[in-house]
Amino acid sequence: MTGTSVLYQSLLLAQREDSPKHPQLNIIRLKEQECLSLLKRCNNMDQFKQVHAQLLKWGLFSNSFAATNLVATCALSDWGSMDYACSIFRQIDDPVAFQFNTLIRGLVKDIQFEEALFLYVEMVERGVKPDHFTYPILLKASARLRGLEEGMQIHGHVFKLGFQGDLFVQNALINMYGKCEEIEFSCAIFNQMDQKSVASWSAIIAAHAKVGLWYECLMLFGEMNSEGCWRPEETTLVTLLSACTHLGALHLGKCTHSSFLRNISELNIIVQTSLIDMYVKCGCLDKGLCLFQTMPERNRLSYSVLISGLAMHGRGQEALRLFSEMLRQGLEPDDVVYVGVLSACSHAGLVDEGLRCFERMITEHGIVPTLQHYGCMVDLIGRAGLLGEALGFIKKMPIELNDVVWRSLLSACKVHHDLEIGEIAAKSLFQLSSQNPSDYVVLSNMYARAQKWDDVARTRIEMARKGLNQTPGFSWVEVSRKVYKFVSQDRSHPKWDNIYEMIHQMEWQLKFEGYSPDTSQVLLDVDEDEKKERLKGHSQKLAIAFALIHTSQGSPIRIARSLRMCNDCHTYTKLISVIYEREIIVRDRKQFHYFKDGTCSCRDYW
DNA sequence: TTAGGGTTAG
């Protein structure tokens, strides 16, 4: 405490000096200055406690200025203790709004959201009027808590006190509703704002990202740009990268990468991980691997994105090697990592290894399996053709089953032509509330293969009775750095005439290659010609036609889809890859399909 | 005299 002793000496000295006008005031100011400088020099709790004791000794605590700064230093510094900050706060007789705000902010920083909200209630009860700084902090707390009810109550208070026009309050409201997945409320606030800051744009984009409206995220970025409200911020760029990843927008992802390199000197681990994820999920596995190798520091998420990426690309063995490396590094895997690991085993056909991993997940890492893990296991066992075992596994599951698990089994039965178990899986699916028309089609096709025509008819009638229609799927394709979205059967596209002409031209070429449309998966009660017309309008085909028109010969076409692929689109795309000599990379919800020279990397299993 | 608000990865 030599430094403090010197200060103390100077303080005593100052007290002896007389100021001609306001001697007392000058001494108080000096004391306050010393108090601040002492607090600023604290680097840990011990030093802080010593300073606190010293200030008490000097009788400085009754001074509101000193009390405020004591609470702020202890609550907001990296080394501070919230308990200690609270105890100091409790010694203040009549805390003012600023002091309440500071402690609330500290509690939010310390992830004590509920306590932060309680303190606000106390503040109101004690008659301290919250100011416009209070609300953004509180809204942040309810956003982090995903507490819509609390958030809406606070919104009510914002109105009552007339803070609804404050820019920061509005930004915080957009964020709160966004985190609670109430995107419409976020949009309503955003749209009525007179003035928008970069933060407003960031908040509305993040709100769209939260509910998976990735295409809308890109559109908002475009708008933000055109309104001249653009300053590359790390966090905003990370959200942009995430949108690129989900949409499979490689070019835009690459541009975002260069934007990072131009504007941010050192890429942190979040940015690096997001970049790896983007490259891997946009089909550039090697680039992702390369970035991973150059990372100075890796965490669980960095490993997680690459493990699941390798699994998606069908490189199960490498994914497992990476998982072992992760464990050797002393990183503890979580449930998401294990989803990647189990799906890697499934893609590589490693049944025993998969079963061992599943066991290890429970016993060694204490992770309770979720439906996703069970889904992977059924997929793994079913893919290997062990359908009886897969069914046995399902029956032993100590968890309520969902459609995904049964659908995995049904899909394995389809591949291995096991009608008996297929029927069990399909019937279980039909009993569940989520009705998916494609389940009926798969079963009906299995009956058709076994030439059970009565059952085919019965299944179709059941489907019609339930009024099930196919949900329109989307495909995204990137052309000249812009992402275009195609919805099945949607003819409203401005370039529709050109696309239709291309589809017509493709159809002729396909006929020469012996293609005949597979109408078995068109679920409408229409004639054969109409069904063929319907097939032509599948979003993936529209996207391919558009890309063939607008990209140079020989360049690869990259598509991302919202749903899994139908048989007809799969066959169609294989043939297009030969006729037009294009590599076509399609990413569906589960995996990648590399179409090249008339074959697909999934070896027709998906 | 002092101090406080939004947005980031699987």
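Going along each chain's sequence as written, the residues are numbered from 1 onward. To read the labels, note that chains go from A and ligands from 1, taken in the order they are written. Local features in this predicted model are restricted to residues whose pLDDT is 70 or higher, and side-chain atom pairs enter the listing and the counts only when it is 80 or higher, whereas totals over whole chains, interfaces and linings include all residues. Calculated side-chain values reflect all of the structure's heavy atoms, with hydrogen atoms and water omitted.

Turning our attention to the packing of aromatic side chains. Any aromatic ring pair is given by two values, namely how distant the centres are and how the planes are angled relative to each other. Here is the rule: rings of Phe, Tyr and Trp (six-membered ring for Trp) pair when centre to centre is within 6.5 Å. Planes less than 30 degrees apart are stacked, more than 60 are edge-to-face, and the remainder are tilted. One pass over the full model with this rule turns up 19 aromatic pairs. With a centroid separation of 5.2 Å and 55° between ring planes, the pair formed by Phe 486 and Phe 546 is classed as tilted. Note that Phe 486 is positioned in strand E2 (residues 482-487) and Phe 546 in helix H30 (residues 539-550), a separation of 60 residues in sequence. Assigned by exposure class, Phe 486 and Phe 546 land together as buried. Between Trp 496 and Tyr 500 the ring centres are 5.6 Å apart and the planes differ by 40°, which places this aromatic pair in the tilted class. For helices the rule is a DSSP run of H or I covering at least 4 residues; for strands it is a run of E covering at least 2, with both sets numbered from the N terminus onward. When accessible area is computed with a 1.4 Å probe and restricted to protein chains, residues below 20% of their type maximum are described as buried, those above 50% as exposed, and intermediate ones as partly exposed.

All right, on to the protein's contact with DNA strand B then. Only heavy atoms are used to decide nearness, and a residue is near a molecule or strand if one of them lies within 4 Å of it. Every one of the 41 residues lining DNA strand B counts as a neighbour, but Phe 98, Asn 101, Phe 168, Asn 175 and Thr 235 are closest to it. We call two N or O atoms a polar contact when they sit within 3.5 Å, provided that within protein one can donate a hydrogen and the other can accept it, with sequence-adjacent residues counted only if both atoms are side-chain atoms. Side-chain polar atom of Lys 179 to a phosphate oxygen of DNA strand B: 3.0 Å apart, as the coordinates give it. One of the side-chain N or O atoms of Asn 299 is found 3.1 Å from a base nitrogen in DNA strand B. Among the elements that line the surface near DNA strand B, the one with the most residues is helix H14 (residues 234-247), at seven residues.

The next thing to look at is the packing of H30 against helix H31 (residues 567-579). In this analysis an axis means a line fitted to C-alpha atoms, helices contributing only their contacting stretch, and an angle means the value between N-to-C directions, from 0 to 180 degrees. It is at 10 Å that the axes of H30 and H31 come closest, and there the two elements cross at 20°. By the angle class used here, H30 and H31 are roughly parallel. Handedness of the crossing formed by H30 with H31: right-handed. Packed against H30, whose contacting residues are Gln 540, Lys 541, Ile 544 and Leu 548, the element H31 presents Asp 568, Cys 569, Tyr 572, Thr 573 and Ile 576 at the interface. We call Asp, Glu, Lys and Arg charged. Ala, Val, Leu, Ile, Met, Phe, Trp, Tyr, Cys and Pro are nonpolar, and the rest, Gly among them, are polar. Of the residues assigned to the contact of H30 with H31, the class counts are five nonpolar, two polar and two charged. Angular relationships are summarised with four words: roughly parallel below 35 degrees, roughly antiparallel beyond 145, roughly perpendicular across 65 to 115, and oblique for the angles in between. Crossing handedness follows the turn of the near helix against the far one: under a right angle anticlockwise gives a left-handed crossing, and clockwise gives a right-handed one. A contact between two residues is defined here by any heavy atoms of the two lying within 4.5 Å.

In this section: the nonpolar core. One broad trend across soluble globular proteins is that nonpolar side chains are buried collectively. Ranked by internal contacts, the top residues of the largest apolar core, which has 151 residues, are Ile 104, Ile 307 and Leu 409. Aside from chain neighbours lying at most four places away, what touches Ile 104 is Ala 116, Leu 119, Tyr 120, Met 123, Ile 137 and Leu 138. Remark: nonpolar core denotes a set of buried residues (Ala, Val, Leu, Ile, Met, Phe, Trp, Tyr, Cys) joined through side-chain atoms within 4.5 Å.

Spatial relationships are all this shows, so hold off on functional conclusions.
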